[in-house]
Amino acid sequence: MAAREGYIIYIDMDSFFASCELLRHPDLKEKPFAVVTKSADKFRGVVQTANYSARKFSIHSGMPIMKALQLYPNLYCIKADHDYYEEISDEISDMLKSYGFEIEMVSIDEAAIDTTGLEESKVVEIAKDMKRKISDGLKLPCTIGIAKGKTFAKMACDSAKPNGFLFIKGDETLDFISYKRVSDIPGVGKKTEEKLANLNMYYIRDLKNANVQALVGLLGEYGSKIYNLSNGIDEEKIVSDWVTLSVGREKNLNEDTNDTSVIMAKLKELSNDTADMIRSTKKLYKSITVKVRYFDFNTKIKTKTLSYYTDSADVLYSEASELIKPLIKDNIMVRRVGVRVSTLMDSSHQQKLF
Ligand SMILES: [Mg+2]
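Quick notes on the rules
Residues numbered from 1 in each chain as written. Predicted model: local features only at pLDDT ≥ 70, side-chain atom pairs only at ≥ 80, totals over all residues. Heavy atoms only, no water. Helix = DSSP H or I, 4+ residues; strand = E, 2+ residues; numbered from the N terminus. Buried < 20%, exposed > 50% of the residue type's maximum accessible area, 1.4 Å probe, protein only. Contact = heavy atoms within 4.5 Å. Areas by Shrake-Rupley, 256 points an atom, 1.4 Å probe, with all protein chains shown as cover. Lys, Arg positive; Asp, Glu negative; His and termini not counted. Charge placed at Lys NZ, Arg CZ, Asp CG, Glu CD. Domains from an automatic or database assignment. Salt bridge = Lys/Arg side-chain N within 4 Å of Asp/Glu carboxyl O. Donors = N, O, S within 2.8 Å, 3.2 Å for Na, K, Ca; no water. 1 Å grid on protein atoms, 1.4 Å probe; cavity = no way out; pocket = protein on both sides within 12 Å on 5 of 7 lines; lining within 4 Å. Points joined across faces, edges and corners; volume = space filled by probe spheres on them. Nonpolar A, V, L, I, M, F, W, Y, C, P; charged D, E, K, R; others polar.

Novice: Looking at this model, I keep getting lost on the overall build of the protein chain. Mind explaining?
Specialist: Across its full length, the protein chain carries 14 helices and 13 strands. The C-alpha extent of the protein chain, read off along each of the three principal axes, is 75 × 60 × 30 Å. Every one of the 354 residues in the protein chain was classed for burial, and the buried ones make up 46%. Within the protein chain, residue pairs in contact and separated by at least 24 positions form 66% of the contacts whose partners lie at least 6 positions apart. Within the structure as shown, the protein chain displays about 18,200 Å² of accessible surface, and the carbon and sulfur contribution to it stands at 50%. Distance between charge centres in the protein chain, computed from 51 positive and 51 negative side chains, equals 2 Å.

Here it is as structure tokens:
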């Protein structure tokens, strides 16, 4: 089994509810405080999120408020306001979606973004840009993990918290996970950890060479999942729940060919159609993606992000033709080509800016 092709950017907001509250209670910045369950009184409620100052006193989510107050009597408690957190979560997801990738909002404060098709350096650049927009634009801290596979990206994110950024290169995945504990695998709870400990398996490297049948006997299907993970195979898929914010066209050629002039003519037609669509929706684009499918259904994608927004058909065609050139090869026939633009912005917004 092959490892998955593209990198996943995993974003997790740091102590999200507490960070949202800080936006409207900046005076609490240096003080330990906790967001607590909304309906509960002080005697029955629990902590939902503690800020990092409160965590220094061992206060954590799920802890009864009474216990937290024993650990730090002056703890400031704020009742949770989920409508407010959801509003901010929507703002974050809108911003992330504007990049045009497949994205799964895993929870109110976590997102997984599939950048398959993008060059490694570009992935890191885009992830840094996302982090900057969250911290400068929304004034919120987050941690980003990047790896080949959703589970590995989440693990990278977990181990970089708080306010971290960790990029695990594809060929470093096994090194990264080997020395982690089995409990560092998302979904491995206390019970599973104990069962594995009974077999003297404490670290992910212990699972790597385990008997997969024994693991399945012990944990069912999940056993084979963690066995695969320990061998660097992460098949967890992004479950995208929205329509990609990108516009594009793709078409089969009349017949398979590697004739550059034929492919370029088709690309020009597709670029014009795409630019027409973008103008009719009064948008501007910044990123350009070309796609080539070969006769054997192998598919290659190349993406470029411009330093400016435009709706020009000429820019689109000239950039797309540069991107596609290295994908046209002497000995391999092309069946289908496509062009797509993303990182969209309303053109009315542009006028306001300039
Ligand atoms: Mg979080």
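Novice: Sorry, what's going on with the domain arrangement of the protein chain here?
Specialist: Often the size quoted for an interface is simply the accessible area lost on bringing the parts together. Domain boundaries assigned for the protein chain yield domain 1 (8-15 + 84-174), domain 2 (16-82), domain 3 (180-230) and domain 4 (247-353). Of note, the centres of domain 2 and domain 4, computed from C-alpha atoms alone, are 50 Å apart.

Novice: Mind showing me how you'd approach the pattern of salt bridges here?
Specialist: Any two side chains of opposite charge can pair if their charged atoms end up close together. Inspection of every chain in the model, using the stated rule, returns 22 salt bridges. Between R335 and D256 there is a salt bridge, and its shortest N-O distance comes to 2.8 Å. Remark: D256 occurs in strand β9 (residues 247-257) and R335 occurs in strand β12 (residues 334-342); sequence separation between them is 79 residues. A relative accessible area of 29% means that D256 is categorised as partly exposed.

Novice: Any chance you could explain the environment of S307 here in plain terms?
Specialist: Structurally, S307 is set in strand β11 (residues 299-310). Taking the C-alpha atoms as reference, S307 lies 26 Å from G164; in sequence the two are 143 residues apart.

Novice: When you look at the coordination of the magnesium ion in this model, what are you seeing that I'm missing?
Specialist: Put simply, a metal with four donors set out as a tetrahedron has ideal angles of 109.5 degrees, and one with six donors set out as an octahedron has ideal angles of 90 or 180 degrees. Taken together, the protein ligands of the magnesium ion are D12 (OD), M13 (O) and D109 (OD), with distances of 2.1 to 2.4 Å. All donors to the magnesium ion come from one chain, and their sequence spacing reads D-M-x95-D. Of this pair, D12 sits in strand β1 (residues 8-13) while D109 sits in the loop between β5 (102-107) and β6 (110-114), placing them 97 residues apart in sequence. Under the relative-accessibility criterion, D12 is labelled buried at 8%. Residue D109 is classed as buried on the basis of its relative accessible area, which comes to 16%.

Novice: Hey, could you run me through the layout of surface pockets in this one?
Specialist: Each pocket or cavity is described by its volume, and for the largest pocket that value is around 690 Å³. Forming the walls of the largest pocket are 36 residues, and the residues nearest its centre are G100, F101, T289, T303 and S342. In terms of residue count, the dominant contributor to the lining of the largest pocket is β11 (six residues). Here the lining of the largest pocket is built from residues that sort into ten nonpolar, 15 polar and eleven charged.

Novice: Can you help me understand empty space enclosed by the protein in this one?
Specialist: If you roll a probe as big as a water molecule over the atoms, it shows you where there is empty space left. A full pass over the atoms with the stated rule returns one cavity of 30 Å³ or more. Estimates place the volume of the largest cavity at around 40 Å³. Elements with a contribution of two residues or more to the lining of the largest cavity: β1, α4 (82-97) and β6.

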